[in-house]
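Descriptive analysis of the structure
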Amino acid sequence: MPDLAGNPPIKPVSLLAKRWLMCAALVFGIYNPSGRSYYHWVRSDDGSLPLKVMISIFLFAATAAVVRMAFASMGYRGVVAILSLIFGSILFRVGLGWFEFEQVDITTYTILLWISTILGVGISWSFFQRRLSGEKYVLKTPP
Amino acid sequence: MHNGFNWLSYGLRWVASILLVLATYNPYGLSYYDWVTTDGGFTSLKVLAAVALLMLHIVTILSTARSIGPIGAGLMAAFCGAVAWFLVDADVLQIEDPRMFELTVLLMVAAIYGMGLSWSHIRNELSGQVHSIDVTDFSAV
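Residues numbered from 1 in each chain as written. Chains lettered and ligands numbered in written order. Predicted model: local features only at pLDDT ≥ 70, side-chain atom pairs only at ≥ 80, totals over all residues.

**As for the overall build of chain B**
Quick note on the threshold: Secondary structure is summarised from DSSP: a helix means a run of H or I of at least four residues, a strand means a run of E of at least two, and numbering begins at the N terminus for each. By definition, residues are in contact whenever their C-beta atoms, placed on the basis of the backbone, come within 7 Å of each other.
For chain B, the helix and strand inventory stands at five helices and one strand. Ordering the α and β elements of chain B from the N terminus gives α-α-α-α-α-β. Taking the principal axes of its C-alpha atoms as reference, chain B extends roughly 50 × 45 × 25 Å. Of all intrachain contacts in chain B linking residues separated by at least 6 positions in sequence, the fraction that spans at least 24 positions is 72%.

Pasting the structure below:
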């Protein structure tokens, strides 16, 4: 059983890095513009149909699970907060004079990176909440 | 990481589910079902074993219904079906043999049981969220 009363110390960097890497692997594995992704593989003629169906169902289930867990921890406010933070960091770098605002180039890679960041932070968030305030994210029994 | 749930813990739950399902019924004639239907005698022991098996099944089914629910069980069944299809396509699994077909279905049920027992742990390890059982407003599952 998860220890509800305990408040064990966490390693924030490795905690976040592992989950963020996992989400990035999932997101970039499903689609990326380099041409080597699940999306391109499924549309090509390599591999048998059963293998494709198997991988498809696995990826669908994994994505559904990750998105549900991330969204349960964050909600809309969390998504907006992360996006604001990303936008703020762009503005900050513009403010530091690293590049002009017109030079900001939002590519598909950038969008995918943002999605994996949102998912990674969302999955890690309840650990931080528990460590910070001692509150746990508890799911009710389904009806 | 936080409760020590690892691949071994998942494997143990999976193996226990396989043992439970196959001990209740399997097509090779060495199961509780065959013991009850073919041999005579030992009625009291059979009743005891029936109660024990029923308890284990109910606990497992309720855990599965609470943690992954019908959607998760459906996804798990679809994934197992796809794995079976892949193995059949690769000529590893011969389901023309009806006993092999039954065994495949039973192993799929066991895989759903195993994931149902493990998913709360996995979710807690991944995201820190905790599944709970509401004992105040007691629900059916």
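**Some points on the interface of chain B and chain A**
Operational definition: Between any two strands, pairing holds if DSSP finds at least two bridges.
Listed as interface residues are 25 residues of chain B and, on the opposing side, 27 residues of chain A. Every element with two or more residues in the side of chain B that touches chain A is listed here: helix 4 (69-89), helix 5 (98-127) and strand 1 (130-131) of chain B. Counting residues per element, the side of chain B that touches chain A draws most heavily on helix 4 of chain B, which supplies nine residues. In the sheet, strand 1 (residues 138-139) of chain A pairs with strand 1 of chain B via two bridges, with the strands oriented parallel. Bridging from a neighbouring strand, Leu-139 of chain A pairs with His-131 of chain B of strand 1 of chain B.

**Here's the deal with helix 1 (residues 7-24) of chain B**
All names here are of chain B. Worth spelling out the cut-off: Expected span of a helix, by definition, is 1.5 Å for each gap between consecutive residues, and there is one gap fewer than residues. Counting other C-beta atoms within 10 Å of its own, a residue is labelled buried from 20 upward, exposed at 12 or fewer, and partly exposed in the gap between, with every C-beta atom placed from the backbone. Directions are taken from the helix axis to each C-beta atom, and the arc is the one they span.
Its 18 residues give helix 1 an end-to-end C-alpha distance of 26 Å, which sits within 8% of 26 Å, the value for a rise of 1.5 Å per residue. Within the span of helix 1, buried status applies to Arg-13, Ser-17 and Val-21. Seen from one end, helix 1 has its buried residues packed into an arc of 65°, which puts them on one side. Turned more than 90 degrees away from the buried face of helix 1 sit Trp-7, Leu-8, Gly-11, Val-15 and Leu-19, all of them exposed. Residues of helix 1 that are buried in the fold lie against helix 3 (43-67) and helix 5.

**Notes on the nonpolar core**
Where we set the bar: A set of buried residues qualifies as a nonpolar core if it consists of Ala, Val, Leu, Ile, Met, Phe, Trp, Tyr and Cys joined through C-beta atoms within 7 Å.
Counting residues in hydrophobic clusters, the biggest one holds 17 residues, and the most contacted among them are Met-76, Phe-79, Val-83 and Tyr-113 of chain B. Contributing elements (two or more residues each) for this core: helix 4 and helix 5 of chain B. Filtering out sequence-adjacent residues up to four positions away, Tyr-113 of chain B remains in contact with Ser-17, Val-21, Thr-60 and Thr-64 of chain B. In this structure, Val-27, Leu-119, Val-121 and Trp-125 of chain A belong to the second largest nonpolar core, which totals eleven residues.

**Concerning helix 1 (residues 12-30) of chain A**
Residue and element names in this part refer to chain A. Compared with the 27 Å implied by 1.5 Å per residue over 19 residues, the 27 Å span of helix 1 between its first and last C-alpha is a close match. Every buried residue belonging to helix 1 is among Arg-19, Cys-23 and Val-27, and all of these are buried. Along helix 1, the residues classed as buried sweep out an arc of 70° about the axis, all on the same side. Summarising the geometry of helix 1, the exposed residues directed more than 90 degrees from the buried face are Val-13, Ser-14, Leu-21 and Ala-25. Lining the buried residues of helix 1 we find helix 3 (49-95) and helix 4 (108-133).

**Notes on unusual backbone geometry**
Residue and element names in this part refer to chain B. The phi dihedral of Phe-42 is positive, around 55°, even though this residue is not glycine. Secondary-structure assignment places Phe-42 in the loop between helix 2 (32-38) and helix 3. Overall, Phe-42 belongs to the exposed group, with 12 C-beta atoms counted inside 10 Å. If you check the backbone angles, Asp-91 has positive phi at about 60° while not being a glycine. One can find Asp-91 in the loop between helix 4 and helix 5.

**Some points on the packing of helix 3 of chain A against helix 4 of chain A**
Residues and elements named next belong to chain A. To be explicit about the condition: The angle between two axes is taken between their N-to-C directions and runs from 0 to 180 degrees, where each axis is a line fitted to C-alpha atoms and a helix contributes only its stretch in contact. Angular relationships are summarised with four words: roughly parallel below 35 degrees, roughly antiparallel beyond 145, roughly perpendicular across 65 to 115, and oblique for the angles in between. For a crossing to be left-handed, the near helix must be turned anticlockwise from the far one by less than a right angle; the clockwise case is right-handed. Gly falls in the polar group here, along with every residue not listed as nonpolar (Ala, Val, Leu, Ile, Met, Phe, Trp, Tyr, Cys, Pro) or charged (Asp, Glu, Lys, Arg).
One way to put it is that helix 3 packs onto helix 4 with a least axis distance of 7 Å and a crossing angle of 120°. Relative to helix 4, the element helix 3 is oriented oblique. Crossing of helix 3 over helix 4 shows right-handed handedness. Where helix 3 approaches helix 4, its residues Val-66, Val-67, Met-69, Ala-70, Phe-71, Ser-73, Met-74, Gly-78, Val-79, Ile-82 and Ile-86 are matched on the opposing element by Trp-114, Thr-117, Ile-118, Leu-119, Val-121, Gly-122, Ile-123, Trp-125 and Ser-126. Looking at the contact of helix 3 with helix 4, its residues break down into 15 nonpolar, five polar and no charged.

**Notes on the environment of His-40 of chain A**
Looking at where His-40 of chain A falls in the secondary structure, it is placed in helix 2 (residues 38-43). Separated by ten residues in the primary sequence, His-40 of chain A and Ile-30 of chain A place their C-alpha atoms 8.8 Å from one another.

**Digging into the packing of helix 3 of chain B against helix 5 of chain B**
Residues and elements named next belong to chain B. Where helix 3 contacts helix 5, the axes come no closer than 8 Å and their chain directions differ by 60°. What the angle tells us is that helix 3 and helix 5 run oblique. For helix 3 against helix 5, the interelement crossing comes out left-handed. Contacts from Thr-60, Ser-63, Thr-64 and Ser-67 in helix 3 reach Ile-112, Tyr-113, Gly-116, Leu-117, Trp-119 and Ser-120 in helix 5. Its residues assigned to classes, the contact of helix 3 with helix 5 comprises four nonpolar, six polar and no charged.

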